[in-house]
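# Summary of the model geometry
Each chain, letter by letter, is given below.
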Amino acid sequence: MKILLVDDSKTMRNIQKSVLSELGYTDIEEACDGQDALSKVGAFGPDLILVDWNMPNMDGLTFVKKYRESNKLTPMIMVTTESEKIRVIEAIKAGVNNYVVKPFTPDVLSQRIAETMQKAAA
Amino acid sequence: MDPAFISPFIESVQNVFSTMLQLPVVVGEPRLKTDPKASYDITGIIGLSGDVSGAVALSFPRTTAERIVAIFCGMEISADHADFPDAVGELVNMISGGAKANFPNRNVSISCPSVIIGEGHRVMNQSETPAAILPFETDCGVMAVEIAVRDNAKKVAA
């Protein structure tokens, strides 16, 4: 499974990569903001996208909206510090399939990924 | 400063450190900040805007910061390494994001973090915004969270 990680923090990308690696996912592409993600997503063709919200140049919500204009199917999980209910609803409306609030444990991230991929396959 | 903005930061620091670092933190007595000098040598700063505006700073002595970042990243990283500010920035990002979610009925946005490394640096806040210092102790050493925020929603309501 190909996974695109979009987060401006290299530390957070490394932490998520480590969790994904434990789960057996090693085909991972990284992007440091929404613009970078848009430039990479076509060629990489991910099966799952993990995207942060607050990033420079283009935030995660804008990326989700732009990506959903051309791709309605690829599952996306927002991984962010934004935990208010209003933000979660905003992200779901924009097109994310699931939501993980930072800080998270490896178990929570892996559980959300499993849920998301099961729903996408159903 | 309204104490309603202090508790969310204490809870958020404890949540971030227990979840991401498995590191218990003990909070000391909050106090007003009277000196513009940052509490310690390494400071991550994040801006708040919206119903509550101002800044939050997470400040550590160098050795404490290096120990905490080592646990967070799973490897030792010197404060002089290019990846070090990123890790400190992500910690203050998670603390601020978690705290603002528990502000009472306030809609707040946070900026991308900045990190300052250097002995004796100063963190200036707007003169009419008092700053509070929350001291913390961990097994990695001491640290402080400095909060200087203004409640714009209260001002409008008044």
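Rules and cut-offs
Residues numbered from 1 in each chain as written. Chains lettered and ligands numbered in written order. Predicted model: local features only at pLDDT ≥ 70, side-chain atom pairs only at ≥ 80, totals over all residues. Helix = DSSP H or I, 4+ residues; strand = E, 2+ residues; numbered from the N terminus. Rg over C-alpha atoms; globule rule 2.2 N^0.38 Å. Buried ≥ 20, exposed ≤ 12 C-beta atoms within 10 Å, placed from the backbone. Contact = placed C-beta atoms within 7 Å. Nonpolar A, V, L, I, M, F, W, Y, C, P; charged D, E, K, R; others polar. Pairing = 2+ DSSP bridges. Axes fitted to C-alpha atoms, helices over the stretch in contact; angles between N-to-C directions. Core = buried A, V, L, I, M, F, W, Y, C linked by C-beta atoms within 7 Å. Right-handed = clockwise from strand over helix to strand, strands pointing away. pLDDT = per-residue confidence, 0-100. Arc of directions from axis to C-beta.

### Remarks on the overall build of chain B
- Check the secondary structure of chain B and you find 4 helices and 8 strands.
- Taken from N to C terminus, the helices and strands of chain B fall in the order α-β-β-β-β-α-α-β-β-β-β-α.
- Compactness check: chain B gives a C-alpha radius of gyration of 15 Å against a globular reference of 15 Å for 158 residues, within 12% of the reference.
- By the burial criterion, 43% of the 158 residues in chain B qualify as buried.
- When contacts within chain B are restricted to residue pairs at least 6 apart in sequence, those whose partners lie at least 24 apart make up 68%.

### Regarding the interface of chain B and chain A
- Residue-level contacts link 18 residues of chain B with 16 residues of chain A.
- Mapped by element, the contributors of at least two residues to the side of chain B that touches chain A are helix H1 (7-20), helix H2 (62-73) and helix H3 (84-100) of chain B.
- Counting residues per element, the side of chain B that touches chain A draws most heavily on H3(B), at 8 residues.
- A class-by-class count of the residues in the side of chain B that touches chain A yields 9 nonpolar, 6 polar and 3 charged.

### Here's the deal with the sheet that holds strand E4 (residues 76-80) of chain A
All names here are of chain A.
- Spatial strand order, E2-E1-E3-E4-E5: 5 strands in an open sheet with parallel pairing. For this open sheet the edge positions go to strand E2 (27-31) and strand E5 (98-101), each flanked by a neighbour on one side alone. Sheet twist, expressed as the mean angle between neighbouring strand axes with direction ignored, is 20°.
- In the sheet, strand E1 (residues 2-6) pairs with E2 via 5 bridges, with the strands oriented parallel. Residue Leu-5 lies in a different strand from E2, and its bridge partner there is Glu-30.

### Side note on the nonpolar core
- The biggest cluster of nonpolar side chains holds 46 residues, and the ones touching the most others in it are B:Val56, B:Val88, B:Leu91, B:Val92, B:Ile95, B:Val145 and B:Ile147.
- Ranked by the residues each element gives to this core, the list is headed by H3(B), at 8 residues.
- In this structure, B:Ile95 is in contact with B:Phe9, B:Ser12, B:Val13, B:Val16, B:Leu58 and B:Val145, ignoring residues within four places of it in sequence.
- One finds A:Ile3, A:Trp53, A:Val64 and A:Leu109 within the second-largest nonpolar core, a separate group that totals 27 residues.

### As for the pairing of E4(A)
Residues and elements named next belong to chain A.
- The buried fraction of E4 amounts to 5 of the 5 residues, a majority that puts the element mostly inside the structure.
- Across the two faces of E4 the burial is the same, with Met-76, Met-78 and Thr-80 and Ile-77 and Val-79 all buried.
- In terms of strand pairing, strand E3 (residues 48-51) meets E4 through 3 bridges, oriented parallel. Counted as the bridge partner of Val-51 is Met-78 from E4.
- In this region the chain leaves E3, passes through helix H3 (residues 60-70) and returns to the parallel neighbour E4; the handedness of that crossover is right-handed.
- Judged from the 4 bridges that link them, E4 and E5 form a sheet pairing that is parallel. When the sheet's bridge partners are listed, Ile-77 is paired in E5 with Asn-98.

### Structural notes on unusual backbone geometry
- A cis amide bond links A:Lys102 with the next residue in sequence, A:Pro103, at an omega value of 0°.
- Within the secondary structure, A:Pro103 is located in the loop between E5 and helix H5 (106-121).
- The phi dihedral of B:Gln22 is positive, around 50°, even though this residue is not glycine.
- Along the chain, B:Gln22 falls in the loop between H1 and strand E1 (25-27).
- Positive phi is not limited to glycine here, since B:Asn105 has a value of about 55°.
- Inspection of the secondary structure puts B:Asn105 in the loop between H3 and strand E5 (108-110).

### Concerning the confidence of the model for chain B
- Residues at a pLDDT of 70 or more form 96% of chain B, whose mean pLDDT is 92.
- Here the predicted complex carries an ipTM of 0.92, next to a pTM of 0.93.

### Thoughts on H3(A)
Residues and elements named next belong to chain A.
- Where H3 is concerned, the buried positions are Gly-60, Leu-61, Phe-63, Val-64 and Tyr-67. Axial view of H3: buried residues confined to an arc of 155°, hence all on one face.
- Residues of H3 that are buried in the fold lie against E1, helix H2 (34-44), E3, E4 and helix H4 (85-94).

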